[in-house]
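Coordinate inspection notes
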Amino acid sequence: MKFFLDTANLNEIREGVSLGLVDGITTNPSLVAKEGGVDFKQHVVAICELVAGDVSAEVTSLDTEGMLSEGREYAAIAPNVVVKCPLTADGLRATRQLTSEGIRVNVTLCFSPAQAILAAKAGAAYISPFIGRLDDIGQNGLELVRDIVEIYNNYNWKTEVLAASIRHPIHVIETARAGADVATMPFKVMQQLIKHPLTDKGLDQFLADWRKSVSSKPDQNVNLLKEVVNVRQ
Ligand code: E4P
């Protein structure tokens, strides 16, 4: 399963990359707006310099022609740019055309299995079901991911299931159980995945015991230190 960061923040991307856990990036117009008036294309260039994996750049046109011209422009930025098109009739037309030109498309704002079927048939490289936003309106976002994985497996469709709108670690665990190809998450969720209070408590205990044993046997420790120095020389 691949891990993408769902952010346009360069510091978060740098930190995630330094953890060695980031396989790609998804952005959307709201995330880019949060970065405060950046030049979008320049910003995508900066992200692509930090990340070797796929970087989604979303179109903002509503008509097919506009999506095509934006999509071609974004795809020319770097080979790892994936154009993000919304799941509308125009978006599906643009997906089909861009795909036929060799440009990969992430179809976004997917909220039903029917929409996911259409995206696969249009040749999308990725389908992005939004888990959290479905949960927000009292529907089951994870159920949607499970349904899409099952349907795509029935036909061996190559469109990758990119679980999006992830709000907490349980979403990540459950999308992994469902067999999603990718989970895209805010940096905060990636950090939450690392943490467990028993890990911190266990580490504190190990170090406290270690310090106690070191201070109770000073001579032995001097000898140990000498051995380590010898081995390293
Ligand atoms: C995915 O590509 C979207 O950018 C994102 O996951 C949306 O998440 P949100 O519902 O938390 O805004």
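These notes cover the structure that comes with them. (Residues numbered from 1 in each chain as written. Predicted model: local features only at pLDDT ≥ 70, side-chain atom pairs only at ≥ 80, totals over all residues. Heavy atoms only, no water.)

1. Some details on the overall build of the chain
Regarding its fold elements, the chain presents 12 helices and eight strands. Taken over C-alpha atoms, the radius of gyration comes to 23 Å for the chain, far larger than the 17 Å a tight globule of 233 residues would show. Buried residues in the chain amount to 42% of all 233 residues. In the chain, once contacts between residues fewer than 6 apart in sequence are set aside, the share between residues at least 24 apart is 57%. Approximately 12500 Å² of the chain is accessible, and the part contributed by carbon and sulfur atoms is 55%. With 23 positive and 28 negative side-chain charges, the chain shows a spacing of 5 Å between the two charge centroids. (Helix = DSSP H or I, 4+ residues; strand = E, 2+ residues; numbered from the N terminus. Rg over C-alpha atoms; globule rule 2.2 N^0.38 Å. Buried < 20%, exposed > 50% of the residue type's maximum accessible area, 1.4 Å probe, protein only. Contact = heavy atoms within 4.5 Å. Areas by Shrake-Rupley, 256 points an atom, 1.4 Å probe, with all protein chains shown as cover. Lys, Arg positive; Asp, Glu negative; His and termini not counted. Charge placed at Lys NZ, Arg CZ, Asp CG, Glu CD.)

2. Description of the pattern of salt bridges
Taken as a whole and judged by the stated rule, the model has 12 salt bridges. Glu73 serves as the salt-bridge partner of Lys41, at 2.9 Å between the closest nitrogen and oxygen. Placement of Lys41 in helix H3 (residues 40-50) and of Glu73 in helix H4 (residues 64-75) is noted, with a sequence separation of 32 residues between them. By relative accessible area, which is 40% here, Glu73 ends up partly exposed. As a salt-bridge pair, Asp54 and Arg104 come within 2.8 Å of each other at their nearest N and O atoms. Here Asp54 is found in strand S3 (residues 54-58), whereas its partner Arg104 is found in the loop between helix H5 (89-100) and strand S5 (105-110), with 50 residues between them in sequence. (Salt bridge = Lys/Arg side-chain N within 4 Å of Asp/Glu carboxyl O.)

3. Here we look at a nonpolar patch on the surface
A contiguous nonpolar surface patch, about 240 Å² in accessible area, is contributed by Leu19, Leu21 and Ile194. By the element assignment, Ile194 lies in helix H10 (residues 187-194). Residue classification places Ile194 among the partly exposed positions, given a relative accessible area of 48%. (Patch = residues over 30% accessible without salt bridge, like charges linked within 9 Å, V, L, I, M, F, W, Y side chains within 5 Å.)

4. Some words on the site of the ligand
As a matter of local geometry, the ligand sits amid Asp6, Thr26, Asn28, Lys84, Phe130, Arg133, Ala164, Ser165 and Arg167. At 2.7 Å, a side-chain N or O of Ser165 approaches an oxygen atom of the ligand. Here the shell around the ligand is composed, by residue class, of two nonpolar, three polar and four charged. (Near = heavy atom within 4 Å. Polar contact = N/O pair within 3.5 Å; in protein donor to acceptor, adjacent residues only side chain to side chain. Nonpolar A, V, L, I, M, F, W, Y, C, P; charged D, E, K, R; others polar.)

5. Here we look at the sheet that holds strand S4 (residues 81-86)
Around the barrel, eight strands lie side by side as S1-S2-S3-S4-S5-S6-S7-S8; this closed barrel has parallel pairing. Averaged over all neighbouring strand pairs, the angle between strand axes comes to 30°, with direction disregarded. With two bridges joining them, strand S7 (residues 160-163) and strand S8 (residues 182-185) adopt parallel strand pairing. Considered in S8, the bridge of Ala163 is made with Ala183. Strands in contact with H5 are S4 and S5; relative to S4, the strand with the most contacts, it is inclined by about 155°. (Pairing = 2+ DSSP bridges. Axes fitted to C-alpha atoms, helices over the stretch in contact; angles between N-to-C directions.)

6. Some details on the packing of aromatic side chains
Evaluated as defined, the whole model comprises five aromatic pairs. An angle of 80° between the planes, with centres 5.1 Å apart, marks the rings of Phe40 and Tyr74 as edge-to-face. With a gap of 34 residues between them, Phe40 in helix H3 and Tyr74 in helix H4 connect regions that are remote in the sequence. Aromatic pair Tyr155 and Trp157: ring centres 5.0 Å apart, planes at 25°, arrangement stacked. With relative accessibility at 55%, the residue Tyr155 sits in the exposed group. Residue Trp157 is classed as partly exposed on the basis of its relative accessible area of 27%. (Phe/Tyr/Trp six-rings, centres within 6.5 Å; stacked < 30°, edge-to-face > 60°.)

7. Regarding the environment of Ala124
Relative to the helices and strands, Ala124 resides in the loop between helix H6 (113-121) and strand S6 (126-129). Residue class for Ala124 comes out buried when judged on its relative accessible area of 4%. Aside from chain neighbours lying at most four places away, what touches Ala124 is Thr95, Val105, Val107, Ala119 and Thr159.

8. So, unusual backbone geometry
Even without being glycine, Asn156 reaches a positive phi, approximately 60°. When you line up the elements, Asn156 lands in the loop between helix H8 (141-155) and S7. Even without being a glycine, Ser165 presents a positive backbone phi close to 55°. Tracing the backbone shows Ser165 in the loop between S7 and helix H9 (169-178).

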